[in-house]
Amino acid sequence: MEVKIGVQYASRELVLESAQTPAEVEELVTEAMAKDSVLTLTDEKGRKVIVPIAKVAYVEIAESSNRPFGFTTR
């Protein structure tokens, strides 16, 4: 699953592929907002992304899209 995090005053968003379910990510975001703490997510390779929840503008949760590679016909 793909997670995009918009950070205030940053021109680019953070994008990571996560093995967590959309419900798990939503729960982590909601919990971080309630505690006014940090949002910690782990990507598919085990790397952690930590963002202060006060700087998060938005979180977009979407299914991964398999993009075609090379020359394809539709």
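These notes cover the structure that comes with them. Fair warning: this is a prediction, and the values are worked out from it, not measured in the lab. (Residues numbered from 1 in each chain as written. Predicted model: local features only at pLDDT ≥ 70, side-chain atom pairs only at ≥ 80, totals over all residues. Heavy atoms only, no water.)

With that settled, consider the overall build of the chain. In terms of helices and strands, the chain carries one helix and five strands. For the chain, the N- to C-terminal ordering of α and β elements is β-β-α-β-β-β. A buried classification covers 22% of the 74 residues belonging to the chain. In the chain, 49% of the contacts between residues at least 6 apart in sequence involve partners at least 24 apart. Surface summary for the chain: the accessible area is close to 5,700 Å², and the carbon and sulfur share equals 52%. (Helix = DSSP H or I, 4+ residues; strand = E, 2+ residues; numbered from the N terminus. Buried < 20%, exposed > 50% of the residue type's maximum accessible area, 1.4 Å probe, protein only. Contact = heavy atoms within 4.5 Å. Areas by Shrake-Rupley, 256 points an atom, 1.4 Å probe, with all protein chains shown as cover.)

Among the secondary structure elements, Lys 48 is positioned in strand 4 (residues 48–52). Separated by 32 residues in sequence, Lys 48 and Leu 16 have C-alpha atoms that sit 9.9 Å apart.

Turning our eyes to something else, we now look at the sheet that holds strand 5 (residues 56–62). The strand order 2-1-5 describes an open sheet built from three strands, whose pairing is antiparallel. Each edge of the open sheet carries a strand with a single partner, namely strand 2 (14–17) and strand 5. Sheet twist, expressed as the average angle between the axes of neighbouring strands with direction ignored, equals 15 degrees. Inspection of the sheet shows strand 1 (residues 2–7) paired to strand 2 by four bridges, in the antiparallel sense. Of the residues in strand 2, the one forming a bridge with Ile 5 is Leu 14. (Pairing = 2+ DSSP bridges. Axes fitted to C-alpha atoms, helices over the stretch in contact; angles between N-to-C directions.)

The values are spatial; any link to function lies outside them.
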